[in-house]
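# A closer look at the structure
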Amino acid sequence: MALEATVGDDGMVYIRETEQPDVVAVTTAAKWEAFVKGVMAGEFDHFVAGVVEAVGVAGGEAAACNRS
């Protein structure tokens, strides 16, 4: 899964998951910027603390990583 974000001609930010491209969330550029700054500052890290997930690597192998 990956997120895609783009700014439309109307200045709004459109966000979707690659696995469900028909479902689109729309927000303002200011709210998107605040969200990105929060992610970069670690404000949402507690949501994924201790979560182990498979991350694809070259050759189709998977590696486990602990995001904390």
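Conventions adopted
- Residues numbered from 1 in each chain as written.
- Predicted model: local features only at pLDDT ≥ 70, side-chain atom pairs only at ≥ 80, totals over all residues.
- Heavy atoms only, no water.
- Patch = residues over 30% accessible without salt bridge, like charges linked within 9 Å, V, L, I, M, F, W, Y side chains within 5 Å.
- Areas by Shrake-Rupley, 256 points an atom, 1.4 Å probe, with all protein chains shown as cover.
- Salt bridge = Lys/Arg side-chain N within 4 Å of Asp/Glu carboxyl O.
- Helix = DSSP H or I, 4+ residues; strand = E, 2+ residues; numbered from the N terminus.
- Phe/Tyr/Trp six-rings, centres within 6.5 Å; stacked < 30°, edge-to-face > 60°.
- Buried < 20%, exposed > 50% of the residue type's maximum accessible area, 1.4 Å probe, protein only.
- pLDDT = per-residue confidence, 0-100.
- Contact = heavy atoms within 4.5 Å.

## Considering a nonpolar patch on the surface
A surface patch of nonpolar side chains, about 380 Å² in accessible area, is lined by F35, V39, F44 and F47. Along the polypeptide, F47 turns up in the loop between α1 (29–40) and β4 (51–56).

## Some words on the packing of aromatic side chains
What the rule picks out here adds up to 3 aromatic pairs. Taking 5.6 Å as the distance between ring centres and 35° as the angle between the ring planes, the aromatic pair formed by W32 and F35 counts as tilted. Here F35 and W32 lie together in helix α1, a separation of 3 residues that amounts to about one turn. F35 sits in the partly exposed class, given a relative accessible area of 38%. Geometrically, the ring pair formed by F44 and F47 is stacked, given 6.4 Å between the ring centres and 20° between the ring planes. Look at F47 and you get exposed, because its relative accessible area is 60%.

## Here's the deal with the confidence of the model for the protein chain
For residues with low pLDDT, the predicted coordinates do not support detailed interpretation. On average, the protein chain scores 82 in pLDDT, and the residues at 70 or more come to 75%. Looking at the elements of the protein chain, mean pLDDT is at its lowest for strand β5 (residues 62–67), recorded as 41, and at its highest for strand β2 (residues 13–17), recorded as 97. Segment residues 56–68 is flagged for pLDDT under 50; beyond a separation of four residues in sequence, or across chains, it makes 23 contacts in the model.

## Some words on the pattern of salt bridges
Scanning the entire structure with this criterion turns up 2 salt bridges. Note that R16 and E4 form a salt bridge whose closest N and O atoms lie 2.6 Å from each other. Here R16 is found in strand β2, whereas its partner E4 is found in strand β1 (residues 3–7), with 12 residues between them in sequence. Under the relative-accessibility criterion, R16 is labelled partly exposed at 34%. A salt bridge links E33 to K37, with the nearest nitrogen and oxygen atoms 3.2 Å apart. A residue pair is termed a helical-turn pair when its members lie 3 or 4 positions apart in one helix, as E33 and K37 do in helix α1 at 4 residues. Classification of E33 as partly exposed rests on a relative accessible area of 43%. Residue K37 is classed as exposed on the basis of its relative accessible area, which comes to 52%.

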